[in-house]
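# Fold and geometry: a report
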Amino acid sequence: MKREEAIEVLETISELYPQKFDITERVANMLIPKLLEMDYRGVMAKLSDFAVRSPFPPTIGEIAVYQPEENHHLEQMKVWEAEAAEVSDEIRQRFMDKLRSLAEEKSDES
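Residue indices follow the written sequence of each chain, beginning from 1 at its first position. Residue-level local features of this predicted model are given only where pLDDT is at least 70; pairs of side-chain atoms are given and counted only at 80 or more, and the full residue set underlies all totals for whole chains, interfaces and linings. Derived side-chain values reflect all non-hydrogen atoms in the structure, with water molecules and hydrogen atoms excluded from consideration.

We now examine the domain arrangement of the chain. These domain limits were set by an automatic method or by a database of domain assignments. Taken domain by domain, the chain holds domain 1 (3–63) and domain 2 (72–109). Here the C-alpha centroids of domain 1 and domain 2 sit 53 Å apart.

Given below as structure tokens:
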């Protein structure tokens, strides 16, 4: 979320709850950094739902929505799949033969 959007969230809460939520500079300085970490659209949707149910202003935790974290493992798997697609059939066959040979040696040792 951008700073302007964070300010809009606080102003919206103030407008929805005019007698119960005052935005002071101190409040803004405390809450804006936390709001910047969140997803604007998700927060506004959650705030809208909250306002329908509650006569009291929400805490930031009650309307918090964060972007999902990137799955770095999935990206690494895609890289490996792309690399594997470039390996020739001959090299794959040699690898499989060597793997089979190693498996047979290890099973003979048991």
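After presenting the structure, the write-up continues.
A separate point is the nonpolar core. Soluble globular proteins tend to pack their nonpolar side chains together in the buried interior. Definition of nonpolar core: a set of buried residues of the types Ala, Val, Leu, Ile, Met, Phe, Trp, Tyr and Cys, connected through side-chain atoms within 4.5 Å. Between buried and exposed lies partly exposed: a residue is buried under 20% and exposed over 50% of the maximum accessible area for its type, with that area taken using a 1.4 Å probe on protein chains only. Ranked by size, the top nonpolar core spans 18 residues in total, and within it Val9, Leu10, Ile13, Leu35, Met38 and Ile63 carry the most contacts. Of all elements in the fold, only α1 (3–16), α2 (25–36), α3 (40–53) and α4 (60–63) reach the threshold of two or more residues within this core. We call two residues contacting when some pair of their heavy atoms lies within 4.5 Å. Here valine 9 is in contact with Met1, Leu35, Tyr40, Val43, Met44, Leu47 and Ile63, once residues within four sequence places are set aside. Numbering of helices and strands starts at the N terminus; helices are DSSP runs of H or I of at least 4 residues and strands are runs of E of at least 2.

To count toward a patch, a residue needs a relative accessible area over 30% and no salt bridge; like charges are then connected within 9 Å, while nonpolar side chains (Val, Leu, Ile, Met, Phe, Trp, Tyr) are connected within 5 Å. A 1.4 Å probe and the Shrake-Rupley method give the accessible areas. Residues count as covered only by the protein chains that appear here. Whenever Lys or Arg places a side-chain nitrogen within 4 Å of a carboxyl oxygen from Asp or Glu, that contact is recorded as a salt bridge. On the surface, Met77, Val79 and Trp80 cluster together to form a nonpolar patch covering roughly 310 Å² of accessible area. Locating tryptophan 80 in the fold gives a position in helix α5 (residues 72–85). Assessed through its relative accessible area of 51%, tryptophan 80 is described here as exposed.

Time to look at the environment of glutamate 11. Mapped onto the elements of the fold, glutamate 11 is located in helix α1. C-alpha separation for the pair glutamate 11 and aspartate 22, spaced 11 residues apart in sequence, amounts to 9.1 Å.

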